[in-house]
Amino acid sequence: QKEVEQNSGPLSVPEGAIASLNCTYSDRGSQSFFWYRQYSGKSPELIMFIYSNGDKEDGRFTAQLNKASQYVSLLIRDSQPSDSATYLCAVNRGTALIFGKGTTLSVSS
Amino acid sequence: EPEVTQTPSHQVTQMGQEVILRCVPISNHLYFYWYRQILGQKVEFLVSFYNNEISEKSEIFDDQFSVERPDGSNFTLKIRSTKLEDSAMYFCASSDPGGGRMGYEQYFGPGTRLTVT
């Protein structure tokens, strides 16, 4: 079983819509969960982190964590064309971050 | 806003040569990391470094690789006897274990693209 799994996409949404990105992980000992945004040819940019079950909101972004289901999600409200990128889910394993392959989001204007 | 910086942005080397990739972490951060991303693949952990020693390393980080903090600002990754399959983007990251936590929020530099010919 892969450690961190994401649908590769592409996920296509119209401008102004809500984009929903999902991630599952296998290590029940993981305590920290992250969403990074990566534009093509660029480095991962941290956009959200969550440590406790429930929701965490930051501007247009909401991260949701369900440790019992080993599931993390990212909602992007009022999606903009500039949100078009690959979104990487990452989970800690000790000090290391274990990344999923990423979901490509395309927001059309 | 403080940033992680990396040099060079692109390094081309011949198979069998040694390369050193350089990073300047964010100044008040205490944990440093190297990751790599082969083109079209996921980001992979190589090593974490704290208090002048390796904290953890992955199975990728074998004897071919080494890390060093040669002074108060730089953090380097040395790859000896490079192979074609070492061609990848190498990212440095750093984190700040404030508040007693492990400081898992890692901030990445822009990367060094290593091409081995």
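Here the structure is a predicted model, which is why all the values come from computation and not from measurement. Here the residue numbers are simple positions, counted from 1 along each chain's written sequence. Lettering of chains starts at A and numbering of ligands starts at 1, both following the order in which they are written. Owing to the predicted nature of the model, reporting of local features is limited to residues with pLDDT of at least 70; listing and counting of side-chain atom pairs is limited to 80 or more, with chain, interface and lining totals taken over all residues. By convention in this description, side-chain values take in all heavy atoms of the structure and omit both hydrogens and water.

Asker: How do you make sense of the overall build of chain B when you look at a structure like this?
Answerer: Counting from the N terminus, the helices are the DSSP runs of H or I reaching at least four residues and the strands are the DSSP runs of E reaching at least two. Looking only at helices and strands, one finds zero helices and eleven strands in chain B. Each helix (α) and strand (β) of chain B, taken in turn from the N terminus, gives the series β-β-β-β-β-β-β-β-β-β-β. C-alpha atoms define the radius of gyration in this analysis, and the globule rule sets the expected value at 2.2 Å times the number of residues to the power 0.38. A globule of 117 residues ought to have a C-alpha radius of gyration of about 13 Å, and chain B, at 14 Å, matches this closely. Principal-axis analysis of the C-alpha atoms gives chain B an extent of 45 × 30 × 30 Å. Throughout, a residue-residue contact means that at least one pair of heavy atoms, one from each residue, lies within 4.5 Å. When contacts within chain B are restricted to residue pairs at least 6 apart in sequence, long-range pairs at least 24 apart make up 56% of them. In the structure as shown, chain B presents an accessible area of about 5,900 Å², 45% of it carried by carbon and sulfur atoms. Positive and negative side-chain charges in chain B, numbering 10 and 15 respectively, have mean positions lying 3 Å apart. Residue exposure ignores everything except the shown protein chains as possible cover, and the areas themselves are Shrake-Rupley values with a 1.4 Å probe. For the purpose of charge, His is not counted, nor are the chain termini; Lys and Arg are scored as positive and Asp and Glu as negative. Charge positions are represented by NZ for Lys, CZ for Arg, CG for Asp and CD for Glu.

Asker: Whenever I open this one, the pattern of salt bridges confuses me. Can you help?
Answerer: Opposite charge on two side chains lets them pair, provided their charged atoms get close. Any Lys or Arg side-chain nitrogen found within 4 Å of a carboxyl oxygen on Asp or Glu counts as a salt bridge. Counted under the stated rule, the structure contains five salt bridges over all chains. Residue Glu3 of chain A is joined to Arg93 of chain A by a salt bridge in which the shortest nitrogen-to-oxygen separation is 2.9 Å. Residue Glu3 of chain A is located in the segment before strand E1 (4-5), and its partner Arg93 of chain A is located in strand E9 (residues 85-93); the two are separated by 90 residues in the primary sequence. A relative accessible area of 31% means that Glu3 of chain A is categorised as partly exposed. As a salt-bridge pair, Glu44 of chain B and Arg36 of chain B come within 3.1 Å of each other at their nearest N and O atoms. Here Glu44 of chain B and Arg36 of chain B have matching classes, each one buried. In this scheme, a residue with accessible area under 20% of its type's maximum is buried, one over 50% is exposed, and one in between is partly exposed, where area comes from a 1.4 Å probe on protein chains only.

Asker: How do you make sense of the interface of chain B and chain A when you look at a structure like this?
Answerer: A common way to state how big an interface is: give the accessible area lost once the parts meet. Contacts between the two partners involve 21 residues from chain B and, on the opposite side, 22 residues from chain A. Both sides together, the interface formed by chain B and chain A hides about 1,700 Å², and carbon and sulfur atoms give 59% of it. At the surface where chain B touches chain A, the tally comes to zero salt bridges. Definition of a polar contact: a pair of N or O atoms within 3.5 Å, with one able to donate and the other able to accept a hydrogen when the atoms are protein atoms, and with sequence-neighbouring residues admitted only if both atoms are side-chain atoms. Taken together, the connections running from chain B to chain A amount to eight residue pairs in polar contact (both at pLDDT 80 or more). Among the secondary structure elements, those contributing two or more residues to the side of chain B that touches chain A are strand E4 (31-37), strand E5 (43-50), strand E6 (53-57), strand E9 (88-95) and strand E10 (107-108) of chain B. The element that contributes the greatest number of residues to the side of chain B that touches chain A is E4 of chain B, accounting for four residues. Each of two parts loses accessible area, computed with a 1.4 Å probe, when they are put together; buried area is these two losses added.

Asker: I would appreciate a short explanation of the nonpolar core in the present structure.
Answerer: Note on soluble globular proteins: their nonpolar side chains tend to be buried together. Core analysis: the largest hydrophobic core is formed by 42 residues, its most contacted members being Trp35, Tyr36, Leu74, Tyr87 and Phe99 of chain A together with Tyr35 of chain B. Considering each element in turn, this core owes the most residues, six residues, to E9 of chain A. Nonpolar cores are built from buried Ala, Val, Leu, Ile, Met, Phe, Trp, Tyr and Cys residues. Side-chain atoms within 4.5 Å join them into one set. Leu21, Leu46, Phe75 and Cys92 of chain B belong to the second-largest nonpolar core, a separate cluster that totals 23 residues.

Asker: Is there a simple way to think about the side chain of Gln38 of chain A in this case?
Answerer: Mapped onto the secondary structure, Gln38 of chain A falls in strand E4 (residues 33-38). Classification of Gln38 of chain A as buried rests on a relative accessible area of 10%. Side-chain polar atoms of Gln38 of chain A contact the side chain of Gln37 of chain B, separated by 2.8 Å. Discounting chain neighbours no more than four positions away, the residues touching Gln38 of chain A are Ser43, Pro44, Ala85, Thr86 and Leu88 of chain A together with Gln37 and Phe91 of chain B.

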